[in-house]
Amino acid sequence: MTAEYKCMKTYQGLPNVNELVTLTENDAKVGTVDAVANMKDDRVYLFSGSGDTVVDPKVMHSLQTYYNYFVEPSAIVADYNVNAEHCLPTDGNYGEACATLSSPYIGKCSFDGAESGLKTLYGQDLTKGTAVTANLMKFSQ
């Protein structure tokens, strides 16, 4: 059983943040991951729909707590207040109702999650482009 699986399993689906921080620091010490100091100036975007029944929103709150050990808390943006199921929230007209769990897991939520995430990571001066239809491809099963 891997250490990652063990700490997830031990706590009934909710990660033990302290154990994960210790694992991360130990892995950095032996060189299996980069030095944790490299995360200090990173930006992090977290989203969890308040009605998500696939990934308990508490898991995302735990992830935020984990990142707080390594990243400046002011560089973490978390959107937890959208009444969304397990989906990519959009402000568009495509997909299912925001509070509905179904494929393609794109929710009409009146909230642009991709925009919020990209602006968190790359800066607020980003502007939306226009889709080039020739570059869009449909994937089927």
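Just so we're clear, the structure is a prediction, and the values are computed from it rather than from any experiment.

A.B. asks: Hey, could you go over unusual backbone geometry for me, with residue numbers and the actual values?
C.D. replies: In this structure, P104 follows S103 across a cis peptide bond, with omega equal to 20°. Relative to the helices and strands, P104 is located in the loop between strand 4 (96–97) and strand 5 (106–108). Of note, the phi angle at S110 is positive, near 55°, even though the residue is not glycine. Mapped onto the fold, S110 is located in the loop between strand 5 and helix 4 (113–122).

A.B. asks: Explain the packing of aromatic side chains to me, and be specific about the residues and the numbers.
C.D. replies: All chains considered together, the criterion is met by three aromatic pairs. With a centroid separation of 6.1 Å and an interplanar angle of 20°, the aromatic rings of F47 and F111 are classed as stacked. Of the two residues, F47 is situated in strand 1 (residues 44–47) and F111 in the loop between strand 5 and helix 4; the sequence distance between them amounts to 64 residues. An angle of 65° between the planes, with centres 5.7 Å apart, marks the rings of Y66 and Y67 as edge-to-face. Assessed through its relative accessible area of 15%, Y66 is described here as buried. Members of the aromatic cluster, each reached through a chain of ring pairs, are Y66, Y67 and F70.

Conventions used here
- Residues numbered from 1 in each chain as written.
- Predicted model: local features only at pLDDT ≥ 70, side-chain atom pairs only at ≥ 80, totals over all residues.
- Heavy atoms only, no water.
- Helix = DSSP H or I, 4+ residues; strand = E, 2+ residues; numbered from the N terminus.
- Phe/Tyr/Trp six-rings, centres within 6.5 Å; stacked < 30°, edge-to-face > 60°.
- Buried < 20%, exposed > 50% of the residue type's maximum accessible area, 1.4 Å probe, protein only.

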